[in-house]
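Each chain, written out:
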Amino acid sequence: MRAKENAVADAPLPTPQQPPTAPGVHRSSFWSLRPASDRQAGDAVVSNFLLHAFAAKSCKRSLDVRYSLWLGTISAALLLLLTVSGLPLMFLHVPSVERAYASVKDIEYVITFGSWIRAVHRLSAHAMVIAVVLHLMRVFLTGAYKNGIGQGQRREWNWLVGVAMLLVTLFLSFTGYLLPWDQLAYWAITVGTNIASSVPVVGAKIRELLLGGRVIDQPTLIRFYALHVVALPGLLLLLFAYHMWRIRKDGGLAVVDLEATTAAHPVTEPTKTYTLLGVARGTSPKIVATSIEAEDTTVNSVPDLSRRIAIAVLGTFAIISILAVFIASPLEEPANALVTPNPAKAPWYFLWLQEVVTDTTIKLGAFTVNGALIGGVLLPGLLVVLLSVWPWLDRSAKTSTGVWFAADRRRQNLVFLLLVALVLALTIVGTFLRGPYWHFFWPWQAWPEIPGRI
């Protein structure tokens, strides 16, 4: 009997039961990309480094392409494509006034797939400017910069970060304009920095700081190169990371607040009360409430959200890659400070400023109104300031947050669209209707003959 007890005592203890694991979790390295159950979908968000930025559940309405147009995702995809295509260009480009043009020419005509990589980078830069502007327009027109009914929201600060990201994107593209060191780049930077020099008191110092001297030369090229490949991309990535974190802290896109405001509504229904004297009929209020976390209003972020992001990113890559096959990047003659193109134009996204400078330069007898100061500094500066502080000036109701063209925001949306249309019209005029000496020419009018050197 004692031997039997000793044998039982020496027997190994039973292994504690492990919690049940969803089938297939460890069978594939890519299980987090195609979860087979709600539990796997939740585990994917926690265990996958990239998916960790998502919430476990996403509001269905925030996934609707008709609300966000996926412009934020497209902008992020273009930033990624710029980084990937910019790395080989960074190693192949020589930031020297003697060798920069030759290195770009080698990329264009000697390096295998060099012209295609350069075209991808250039098209991505232009497309990112457009996508970021459209994204900012979408946020404004939907009132998504306003705080809704959520607790601890700071959407106005995220809007401010978005405005900063737009300015950094423009400056990032502007600094890359000079790197080929051809005539187009040299004189576009000349026009842009001349506008900056119109700032009162400090304008000349700002231009000298940008150029590294009084003229565009080697210090200018190396400064623009360092800003383009190190400083500005790093700043943009930091702003982007904070922008995404702030969206998560604010509860997602602003359409979630719209979902919450319509989630509960009181209704009345007939009731019957049985008493000793019979049946008493009447009505009583009843609150029908729906949580925005309910199954009919949310979906698993993985794979519903992650799949849509992948489609938007891959679609952006495909479109830019195909366009780069047919649209080559321009490369004009080497930069020459003694030969001025006529007309000399700023980069296309600053052409509206160049047009405003022309339109606000007015001669009154012997006195000339400085259009560079008014149109190149004061007016755009005022627009940026108004755009930055507008979330604090907007007094529309919280119920208009996340609503396209809300009724109580009709006037400010109309003014905003008129300003956007004006900028677009001035850009078109500067691009297609300005000829030699910056004179206005209709498309069917011939340009006059001009000398080769002016």
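Chains are numbered independently. Their residues run from 1 in the order of the written sequence. In keeping with the model being predicted, local features are shown solely for residues with a pLDDT of at least 70 and side-chain atom pairs are shown and tallied solely at 80 or more, while totals for entire chains, interfaces and linings include all residues. With hydrogens and water set aside, each side-chain value is computed from the structure's full complement of heavy atoms.

Chemist: Tell me about the overall build of the protein chain, and please be specific about residues and values.
Modeler: By definition, any uninterrupted DSSP run of H or I lasting at least four residues is a helix, any uninterrupted run of E lasting at least two residues is a strand, and each is numbered from the N terminus. The secondary structure content of the protein chain amounts to 15 helices and 6 strands. Per-residue burial over the protein chain gives 41% buried out of 454 residues. Only heavy atoms matter for contacts: two residues are in contact if any of them lie within 4.5 Å across the pair. When contacts within the protein chain are restricted to residue pairs at least 6 apart in sequence, long-range pairs at least 24 apart make up 69% of them. Here the accessible surface of atoms and residues is derived via Shrake-Rupley with a 1.4 Å probe, and residues count as covered only by protein chains that are part of the display. Per element, the accessible surface of the protein chain, about 26300 Å² overall, is 68% carbon and sulfur. Only protein chains enter the area calculation, which uses a 1.4 Å probe; residues under 20% of their type maximum are buried, those over 50% are exposed, and those in between are partly exposed.

Chemist: Could you give an account of the layout of surface pockets, naming the residues involved and the relevant values?
Modeler: Reported here for the second largest pocket is a volume of approximately 1700 Å³. Using a 1 Å grid laid over the protein atoms alone, points where a 1.4 Å probe fits but cannot get out form a cavity; open sets with protein on both sides within 12 Å along at least 5 of 7 lines form a pocket; any residue with an atom within 4 Å of a point counts as lining. Surrounding the second largest pocket, 46 residues form its lining, Leu166, Leu170, Tyr349, Trp352 and Val384 being those nearest its centre. Those elements that provide at least two residues to the lining of the second largest pocket are α6 (114–141), α7 (155–177), α8 (183–196), α9 (203–211), α13 (351–359), α14 (371–393) and α15 (410–432). No other element matches α15, which puts 11 residues into the lining of the second largest pocket. Ten residue types, Ala, Val, Leu, Ile, Met, Phe, Trp, Tyr, Cys and Pro, are classed as nonpolar, four, Asp, Glu, Lys and Arg, as charged, and the remainder, Gly among them, as polar. Split by residue class, the lining of the second largest pocket holds 40 nonpolar, 6 polar and no charged. Grid points are joined across faces, edges and corners, and a volume is the space filled by probe spheres set on the points.

Chemist: Outline the nonpolar core, supporting the account with residue identities and numerical values.
Modeler: To define a nonpolar core, start from buried Ala, Val, Leu, Ile, Met, Phe, Trp, Tyr and Cys residues and group those joined through side-chain atoms within 4.5 Å. Core analysis: the largest hydrophobic core is formed by 64 residues, its most contacted members being Trp159 and Trp181. If you tally residues by element for this core, the top one is α6, at 13 residues. Setting aside its immediate chain neighbours within four residues, Trp181 contacts Val97, Ala100, Tyr101, Tyr186, Ile216, Asp217, Leu221, Pro334 and Ala335. Among the nonpolar cores identified, the runner-up in size contains 9 residues, and Leu51, Trp70, Val302 and Leu305 belong to it.

Chemist: Which residues make up unusual backbone geometry, and what are the values?
Modeler: Of note, the amide linkage connecting Val302 to Pro303 takes the cis form, showing an omega dihedral of 15 degrees. As for its placement among the helices and strands, Pro303 is situated in helix α12 (residues 301–326). Residue Pro343 is bonded to the preceding Asn342 through a cis peptide linkage, with omega at 10 degrees. Even without being a glycine, Trp70 presents a positive backbone phi close to 55 degrees. With respect to the helices, strands and loops of the structure, Trp70 is situated in the loop between α3 (65–68) and α4 (71–92). Looking at Trp70, the relative accessible area reads 12%, which means it is buried.

Chemist: Just give me the short version of the side chain of Thr401, but keep the residues and values in it.
Modeler: Inspection of the secondary structure puts Thr401 in the loop between α14 and α15. We call two N or O atoms a polar contact when they sit within 3.5 Å, provided that within protein one can donate a hydrogen and the other can accept it, with sequence-adjacent residues counted only if both atoms are side-chain atoms. A polar side-chain atom of Thr401 sits 3.0 Å from the main-chain carbonyl oxygen of Lys398. For Thr401, the residues in contact, after removing those within four places along its chain, are Thr142, Gly143, Lys146, Asn147, Gly148, Arg155, Ala254 and Leu258.

Chemist: So, the environment of Thr431: which residues are in play, and what are the values?
Modeler: Locating Thr431 in the fold gives a position in helix α15. For Thr431, a relative accessible area of 31% puts it in the partly exposed group. Linking Thr431 and Ala346, residues 85 residues apart in sequence, is a C-alpha distance of 9.6 Å. Residue contacts for Thr431: discarding those within four places in its chain leaves Lys345 and Leu351.

Chemist: Just give me the short version of the packing of α13 against α15, but keep the residues and values in it.
Modeler: Put simply, α13 and α15 touch, their axes get as near as 8 Å, and they point 85 degrees apart. Viewed along their axes, α13 and α15 adopt a mutual orientation that is roughly perpendicular. On α15, the residues that touch Leu351, Trp352, Glu355, Val356 and Asp359 of α13 are Val423, Leu426, Thr427, Val429, Gly430 and Thr431. Per-class residue counts for the contact of α13 with α15 are 6 nonpolar, 3 polar and 2 charged. Comment: axis = line fitted to C-alpha atoms, over the contacting stretch for helices; angle = value between 0 and 180 degrees taken between N-to-C directions. Any angle between 65 and 115 degrees counts as roughly perpendicular, while under 35 counts as roughly parallel, over 145 as roughly antiparallel, and the rest as oblique.

Chemist: Tell me about a nonpolar patch on the surface, and name the residues and values.
Modeler: Without a salt bridge and with relative accessible area above 30%, a residue can belong to a patch; like charges are then joined within 9 Å and nonpolar side chains (Val, Leu, Ile, Met, Phe, Trp, Tyr) within 5 Å. Definition used for salt bridges: Asp or Glu carboxyl oxygen within 4 Å of a side-chain nitrogen of Lys or Arg. On the surface, Trp157, Tyr242, Trp245, Leu382, Val385, Leu386, Val389, Trp392 and Leu393 cluster together to form a nonpolar patch covering roughly 850 Å² of accessible area. Sorting the residues of the nonpolar patch by element identifies α10 (218–249) and α14 as the ones contributing at least two each. Of note, Trp392 is situated in helix α14. On the accessibility criterion, Trp392 (36% relative accessible area) is partly exposed.

Chemist: Describe the pattern of salt bridges, with residues and values.
Modeler: Evaluated as defined, the whole model comprises 7 salt bridges. Asp64 serves as the salt-bridge partner of Arg66, at 2.9 Å between the closest nitrogen and oxygen. Residue Asp64 is classed as partly exposed on the basis of its relative accessible area, which comes to 25%. One salt bridge connects Asp394 with Arg409, and the closest N-O pair in it is separated by 3.2 Å. Linking Asp394 in the loop between α14 and α15 with Arg409 in the loop between α14 and α15, this pair joins segments that are 15 residues apart in sequence. The pair Asp394 / Arg409 is uniform in exposure class, with both members buried.

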